[in-house]
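# Coordinate inspection notes
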Amino acid sequence: MLNIAVFISGRGSNLKALERAIETKELDAVIGLVVSSDENAPGYLWAKEKGIPAVALKSTDFQSRDEFVNKMLSILTENKIEFIVLAGYIKKIPKEIIEKYRHKIINIHPALLPYFGGKGFYGINVHRAVVESKAKYSGISIHFVDENYDTGPIIIQVPIPIEPGETPESLEKRISSLEHKLYYKILRLFTNGNILNCLTKNDK
Ligand code: GRF
């Protein structure tokens, strides 16, 4: 069973969808830790209430960057985390974590990267930019995480057409519900170890 950490910053609807897939045995994993960048994030409060180990880690609460990164590394190690799933985490992942978990961190982005991605493209901002651009499609991108925002190798993209009269809010709703159906299925590719083993071998 893959022991995952889910990193969040807000609502946590993807976190809830992952937990649901675990409960219904559609995903052979355990959420060993939730890391939130905000102690008031609804997703973080939900995880705590549910008894899922959860920690709020804010870089500004630490004296130095090193202290913050060391805390993050040690808490992942203490909880024996094997894989990291970003689900609405809006902070940059420190390079030390990326190095330790190379090819073992994935993110879901609510648009078709490389468009409408990067710093500042999160939440409703993404959908507003898509609708204003008059693009014909938006969609979902799931990708490995590297040192920059939204630039890591893409694992899968699923397009959806923009409907007539689409608003940022209606688009967000449709994309969100698709995310909940898709994310755990992609994560499932990693749970039997095959992809992870192959990536580790190629890295050597
Ligand atoms: C999702 O749209 C995801 O694609 C993006 O952030 C949003 C998180 O939503 N990275 P939620 O907190 O899981 O509801």
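Let me begin by describing the structure that accompanies this report. Because the structure is a prediction, the values reported are computed rather than measured. (Residues numbered from 1 in each chain as written. Predicted model: local features only at pLDDT ≥ 70, side-chain atom pairs only at ≥ 80, totals over all residues. Heavy atoms only, no water.)

### Observations regarding the overall build of the protein
The criterion, for reference: Comment: elements are numbered from the N terminus, with helices defined as DSSP H or I runs of at least four residues and strands as E runs of at least two. Here the globule rule reads 2.2 Å times residues to the power 0.38, and the radius of gyration is calculated from C-alpha atoms. Remark: exposure states derive from per-residue accessible area (1.4 Å probe, protein chains only) relative to the maximum for the residue type, with buried under 20%, exposed over 50%, and partly exposed in between. The contact definition used throughout considers only heavy atoms, calling two residues in contact when any of these lie within 4.5 Å. Shrake-Rupley sampling with a 1.4 Å probe provides the accessible areas, and residues are treated as covered by the protein chains on show and by no other component.
For the protein, the count of helices and strands is seven helices and seven strands. For the protein, the α and β elements follow one another from N to C terminus as β-α-β-α-β-α-β-α-β-α-β-β-α-α. In terms of C-alpha radius of gyration, the protein reaches 17 Å, essentially the compact-globule figure of 17 Å for 204 residues. The dimensions of the protein, computed from C-alpha atoms along their principal axes, are 50 × 40 × 35 Å. When burial is assessed residue by residue, the protein has 45% of its 204 residues classed as buried. Restricting the contact set of the protein to residue pairs at least 6 apart, pairs at least 24 apart contribute 65%. A total accessible area of about 10500 Å² is found for the protein, and carbon and sulfur atoms account for 53% of it.

### So, the packing of aromatic side chains
Note the cut-off: A pair of aromatic rings is counted whenever rings of Phe, Tyr or Trp (Trp by its six-membered ring) have centres within 6.5 Å, and the orientation is called stacked for planes under 30 degrees apart, edge-to-face for over 60 and tilted otherwise.
One pass over the structure, following the stated rule, counts five aromatic pairs. With centroids separated by 6.0 Å and ring planes inclined at 90°, the aromatic side chains of F144 and F190 adopt a geometry described as edge-to-face. With F144 in strand 6 (residues 137–144) and F190 in helix 6 (residues 168–191), this pair connects stretches of sequence that are 46 residues apart. Each member of the pair, F144 as well as F190, carries the same accessibility label: buried. One aromatic cluster in this structure is built from F83, F144 and F190.

### Regarding unusual backbone geometry
For the bond running from L113 to P114, omega is 10°, close enough to zero to count as cis. Here P114 shows up in the loop between strand 5 (105–109) and helix 5 (124–133).

### Points about the site of the ligand
Keep this limit in mind: We call a residue near a molecule or strand whenever a single non-hydrogen atom of that residue lies within 4 Å of it. Whenever two N or O atoms come within 3.5 Å, that pair is a polar contact, provided that in protein one can donate a hydrogen and the other can accept it, and provided that, for residues adjacent in sequence, both atoms are side-chain atoms.
All residues adjacent to the ligand are R11, G12, S13, N14, G88, I108, H109, P110 and E179. Within the side chain of S13, an N or O atom sits 2.5 Å from an oxygen atom of the ligand. With respect to the ligand, the side chain of E179 contributes an N or O atom lying 2.3 Å from an oxygen atom. Taking 360 Å² as the accessible area of the ligand by itself, protein coverage stands at 85%. Going through the elements one at a time, helix 1 (13–23) and strand 5 are the ones with two or more residues in the shell around the ligand.

### Considerations on the nonpolar core
What counts here: In these notes, a set of buried Ala, Val, Leu, Ile, Met, Phe, Trp, Tyr and Cys residues joined through side-chain atoms within 4.5 Å is what counts as a nonpolar core.
With 36 residues, the main nonpolar core has V6 and I31 as its most contacted residues. Among the elements that take part in this core, helix 6 stands out by supplying eight residues, more than any other. Residues contacting V6, with those up to four places away along its chain left out, are L15, L18, I31, L33, V34, V35, V85 and A87. Grouped together as the second largest cluster of nonpolar side chains are 22 residues, V35, I84, L86 and V145 included.

### Some details on the sheet that holds strand 4 (residues 83–86)
Which entries qualify depends on this criterion: Whether two strands pair comes down to DSSP finding at least two bridges between them. Axis definition: a line fit to C-alpha positions, over the contact stretch in the case of helices; interaxial angles, taken between N-to-C directions, run 0 to 180 degrees.
Taken in spatial order, the seven strands make up an open sheet running 3-2-1-4-5-6-7, and their pairing is mixed. Of all strands in the sheet, those bounded by a partner on one side alone are strand 3 (54–56) and strand 7 (154–161). Strand-to-strand, the axes of this sheet are offset by a mean angle of 20°, without reference to chain direction. Of the pairings in the sheet, the one linking strand 2 (residues 29–36) to strand 3 comprises three bridges and is parallel in character.

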